[in-house]
Amino acid sequence: ASVLNKLVVVKLNGGLGTSMGCKGPKSLIGVRNENTFLDLTVQQIEHLNKTYNTDVPLVLMNSFNTDEDTKKILQKYSHSRVKIYTFNQSRYPRINKETLLPIAKDVSYSGENTECWYPPGHGDIYGSFYNSGLLDNLIAEGKEYIFVSNIDNLGATVDLYILNHLMNPPNGKRCEFVMEVTNKTRADVKGGTLTQYENKLRLVEIAQVPKAHVDEFKSVSKFKIFNTNNLWIALSAIKRLQEKNAIDMEIIVNPKTLDGGLNVIQLETAVGAAIKSFENSLGINVPRSRFLPVKTTSDLLLVMSNLYSLNAGSLTMSEKREFPTVPLVKLGSSFTKVQDYLRRFESIPDMLELDHLTVSGDVTFGKNVSLKGTVIIIANHGDRIDIPAGAVLENKIVSGNLRILDH
């Protein structure tokens, strides 16, 4: 309890659900038994506070895209045992790639001006958190560390071992910054990695790697770990560095094409890139279970399935699964949007013994389907495949046309 009372949980909540075909904040997408990312986060922290009789607050870093919708929804947690605070990250102007000038005509961001602005990546947390006044308030309340993670990483729960290591360091010298890293699998070749340079830990992101070296960067044998973006940072260090303007993060140039075809540049920073500005930084290799991001409907299928059980807002791999690795799932473009994906599954298949699933084309799944081993289902253009209710597919390739007609 004494160490938990020094902790604040911060979730990065600036993203929209557009990549999954949803409008509004991604954190409000339902991921498990009607629970959203935000519901699960609140349940996790409430469980901690009740179990240990503590007061761990939740802080959401919103963007101008998510702030209004998130604040509306927060009213439903007013009776939960979690204090919830929000602050907004900055709003930066998109830059015309040709002229290198901002495309906004003025500083409003309504109407046709909405496309002119963007939130500049989660590296913006340090300045925005400090400027909001919330950082000082939390320090005044006796809080010492924040645990920062992406709201769509369902594995990022408060780890008491790491917290204890921070508060009671074995060598007596406290770490100001801890980055959780985990072993790379073939699915994570794009994740940023830690390197040591001039006696400082540094984060190297794929966007910073010259084209000629990208394959080397993606190699699983050369760079064995990647950043989960679960970070533990000392509040007093953020304050000290922010006041000296000493947080140095590489700028990532993110080229985008707007709906009208205009090419723009967004300048962004990553929260983990600041690791080199902090004293006594540390990377901690954590189990893969602490990295469970939901970026696509393929990820959503995994977390909705019986591979995981839900307990007090936390998902844990089912004990019935024989090996701890997650199956590789690739759903085709017919499944990209959440509403299309939900329409194609009458119920989520049994995936306890699945290794690999690839689905392409117009495919639907009946109730109580069981998938085992490697299953590949391909409906060619113009064809449709209906997997019948109760079907068991084990090491099967299904292609062509399979329609089940109602009696």
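See above for the structure.
Presented here is a report on the structure given in the accompanying data block. (Residues numbered from 1 in each chain as written. Predicted model: local features only at pLDDT ≥ 70, side-chain atom pairs only at ≥ 80, totals over all residues. Heavy atoms only, no water.)

## Describing the sheet that holds strand β19 (residues 328-331)
Reasoning step 1: The strand order across the open sheet built from four strands is β19-β20-β22-β24, with neighbouring strands paired in parallel fashion. Of all strands in the sheet, those bounded by a partner on one side alone are β19 and β24 (392-399). Recorded for the sheet is a direction-independent mean angle of 15 degrees between the axes of neighbouring strands.
Reasoning step 2: Bridge count between β19 and strand β20 (residues 350-360): four bridges; the pairing is parallel. Residue K330 lies in a different strand from β20, and its bridge partner there is T358.
Reasoning step 3: On the sheet, helix α8 (residues 297-304) packs against β19 and β20 and is oriented at approximately 130 degrees with respect to β19. (Pairing = 2+ DSSP bridges. Helix = DSSP H or I, 4+ residues; strand = E, 2+ residues; numbered from the N terminus. Axes fitted to C-alpha atoms, helices over the stretch in contact; angles between N-to-C directions. Contact = heavy atoms within 4.5 Å.)

## Quick look at the side chain of N62
Reasoning step 1: Looking at where N62 falls in the secondary structure, it is placed in strand β4 (residues 58-62).
Reasoning step 2: Here N62 falls in the buried class, since its relative accessible area comes to 0%. (Buried < 20%, exposed > 50% of the residue type's maximum accessible area, 1.4 Å probe, protein only.)

## Quick word on the packing of aromatic side chains
Reasoning step 1: Counting across every chain of the model gives eleven aromatic pairs.
Reasoning step 2: Pairing Y92 with Y118 gives two aromatic rings, centres 6.1 Å apart and planes at 80 degrees, and the pair type is edge-to-face. Placement of Y92 in strand β6 (residues 92-93) and of Y118 in strand β8 (residues 117-118) is noted, with a sequence separation of 26 residues between them.
Reasoning step 3: When its relative accessible area of 3% is taken as the criterion, Y118 is described as buried.
Reasoning step 4: Taken together, a centroid distance of 5.1 Å and an interplanar angle of 50 degrees make the contact between F177 and F278 tilted. With F177 in strand β10 (residues 177-183) and F278 in the loop between β15 (263-268) and β16 (282-285), this residue pair connects regions lying 101 residues apart in the sequence.
Reasoning step 5: A network of ring pairs unites the aromatic residues F335, Y341, F345 and F365 as a single cluster.
Reasoning step 6: The positively charged end of R344 is found above the aromatic ring belonging to F335, 5.4 Å away from the centroid. (Phe/Tyr/Trp six-rings, centres within 6.5 Å; stacked < 30°, edge-to-face > 60°. Lys NZ or Arg CZ within 6 Å of the ring centre and 35° of its normal.)

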